[in-house]
Amino acid sequence: MAELAVNVDHVATLRQARGARYPDPVAAALAAETAGADAIVVHLREDRRHIQERDVRLLRQVVQSRLILEMAATSEMLGIALDIKPDTVTLVPEKREELTTEGGLDLITHQDVIREAVSTLKNARIKVCIFIDPDLDQIKIAHKIDADSIEIHTGAFCDAESQSRKQREMARIVDASKIGAKLKLGVHAGHGICYNTISAFKGLGEITEFSIGHSIVSRAVLTGMDRAVRDMKKQVQGL
Ligand code: PXP
């Protein structure tokens, strides 16, 4: 059975929008674990637009499942990872101007830097996953540089508007996951997966973990709305 890793970045996005103390991604992570999350994921970005270092440190102390830290392979981030020691680091590309991670890491271009980062993290007993597009050459390099697992970028599939494009993108994901598993890499998948698109992965047993954030946090905002309004209304009526 595949596992669900819940990304709580966008709880922090809401907090940062007001510079407030709430909603706290740490509290959200604990609630996600109570509901069955198999791992908690956060992306500490260079610009600290949502998750802060404080969040990662607190999560390390309280998460009882597994803590996955997404980060760029920079010396600053490697220093933080070695200090906090998440269970897994997922190496991702990062551009300041992007809204969200836009593509997988290009291991053909960045092989040396990423190989060095993988070795540094693994020497500290941190597992390393690499976020890549469903591309055979990228997967072969991930294997060559000794990553523990790959996370296949599912964004192109999830965002595809036509049926034919969806089929093409899913075929790439299927091939990539089979090749990854054959090379004995852990095979994960993530980006853009929502309540409508998750069913398309049925039967793809090679994928052992799905990393999902935006759709879960978005649904939580609405499914929790009824209770949130009732609680405030009761207080207002009691004035
Ligand atoms: N995996 C990676 C590597 C990501 O960068 C993200 C986005 O933070 C996700 C999974 C989750 O994507 P989404 O928020 O669209 O579910």
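Keep in mind that what you see is a predicted model, and the values were worked out from it rather than measured.

So, how was this worked out
- For every chain, the first residue of its written sequence is number 1, and the numbers climb from 1 along that sequence.
- Only residues with pLDDT of at least 70 get local features here, since the model is predicted, and only at 80 or more are side-chain atom pairs given and counted; chain-wide, interface and lining totals rely on the full set of residues.
- Only hydrogens and water are set aside when side-chain values are computed; all heavy atoms of the structure are taken into account.
- Counting from the N terminus, the helices are the DSSP runs of H or I reaching at least four residues and the strands are the DSSP runs of E reaching at least two.
- The globule rule is 2.2 Å times the number of residues to the power 0.38, and the radius of gyration it is compared with is taken over C-alpha atoms.
- Summary of the burial criterion: residues with accessible area below 20% of their type's maximum are buried, those above 50% are exposed, and those between are partly exposed, where the area comes from a 1.4 Å probe applied to protein chains only.
- It only takes one pair of heavy atoms within 4.5 Å for two residues to be counted as in contact.
- Computed by Shrake-Rupley with a 1.4 Å probe, the accessible areas treat only the displayed protein chains as cover when residues are assessed.
- Think of it this way: Lys and Arg go in the positive column, Asp and Glu in the negative one, and His and the chain ends go nowhere.
- The location of each charge is read from NZ of Lys, CZ of Arg, CG of Asp or CD of Glu.
- When DSSP finds two or more bridges between two strands, those strands count as paired.
- Each axis is a line fitted through C-alpha atoms, taken for helices only over the stretch in contact, and angles between the N-to-C directions span 0 to 180 degrees.
- Take a side-chain nitrogen of Lys or Arg and a carboxyl oxygen of Asp or Glu: if they are within 4 Å of each other, that pair is a salt bridge.
- If a single non-hydrogen atom of a residue is within 4 Å of a molecule or strand, that residue counts as near it.
- Here a polar contact is taken to be a pair of N or O atoms separated by no more than 3.5 Å, where protein atoms must pair a possible hydrogen donor with a possible acceptor and residues adjacent in sequence count only if both atoms sit in side chains.
- Note that Gly is not counted as nonpolar here; it falls among the polar residues with everything else outside the nonpolar set of Ala, Val, Leu, Ile, Met, Phe, Trp, Tyr, Cys and Pro and the charged set of Asp, Glu, Lys and Arg.

Novice: Lay out the overall build of the protein with the relevant residues and their values.
Specialist: Looking only at helices and strands, one finds 10 helices and eight strands in the protein. Relative to its length of 239 residues, the protein is compact, with a C-alpha radius of gyration of 18 Å against a globular reference of 18 Å. Within the protein, the proportion of its 239 residues that are buried is 44%. Considering only contacts within the protein whose residues lie at least 6 apart along the sequence, 66% involve residues at least 24 apart. For the protein, the exposed area adds up to about 13000 Å²; of that, 53% sits on carbon and sulfur atoms. The positive charge centre, built from 32 side chains, and the negative charge centre, built from 34, are 4 Å apart in the protein.

Novice: Quick rundown of the sheet that holds strand S8 (residues 209-212)? Include the residues and the values.
Specialist: Spatial strand order, S1-S2-S3-S4-S5-S6-S7-S8: eight strands in a closed barrel with parallel pairing. Pairwise comparison of adjacent strand axes, ignoring direction, gives a mean angle of 25° for this sheet. With four bridges joining them, strand S2 (residues 39-43) and strand S3 (residues 67-71) adopt parallel strand pairing. Counted as the bridge partner of His43 is Glu70 from S3. On the sheet, helix H5 (residues 107-123) packs against S3, strand S4 (88-91) and strand S5 (127-132) and is oriented at approximately 160° with respect to S5.

Novice: Account for the pattern of salt bridges, with residues named and values stated.
Specialist: Throughout the structure, instances matching the rule amount to 19 salt bridges. Of the charged contacts, one joins Arg49 and Asp47 as a salt bridge, the two residues approaching to 3.1 Å between their closest N and O atoms. For Arg49, a relative accessible area of 26% translates into the label partly exposed. When its relative accessible area of 27% is taken as the criterion, Asp47 is described as partly exposed. Of the charged contacts, one joins Asp112 and Arg115 as a salt bridge, the two residues approaching to 3.3 Å between their closest N and O atoms. In this pair, Asp112 and Arg115 both sit in helix H5, three residues apart, roughly one turn of the helix. Residue class for Asp112 comes out exposed when judged on its relative accessible area of 57%. Relative accessible area serves as the criterion here: at 34%, Arg115 is assigned to the partly exposed category. Through salt bridges that share partners, Arg48, Glu53, Arg57, Glu76 and Asp83 make up one connected network.

Novice: Report on the site of the ligand, specifying residues and quantitative values.
Specialist: Near the ligand there are 13 residues, and of these Thr101, Glu151, Gly192, Gly213 and His214 occur at the shortest range. A distance of 3.5 Å is found between an oxygen atom of the ligand and a side-chain nitrogen or oxygen belonging to Asn7. At 2.8 Å from an oxygen atom of the ligand is found a main-chain nitrogen or oxygen belonging to Gly192. In isolation the ligand exposes 390 Å². Once the protein is present, 94% of that is buried. Classifying every residue of the shell around the ligand gives three nonpolar, seven polar and three charged.

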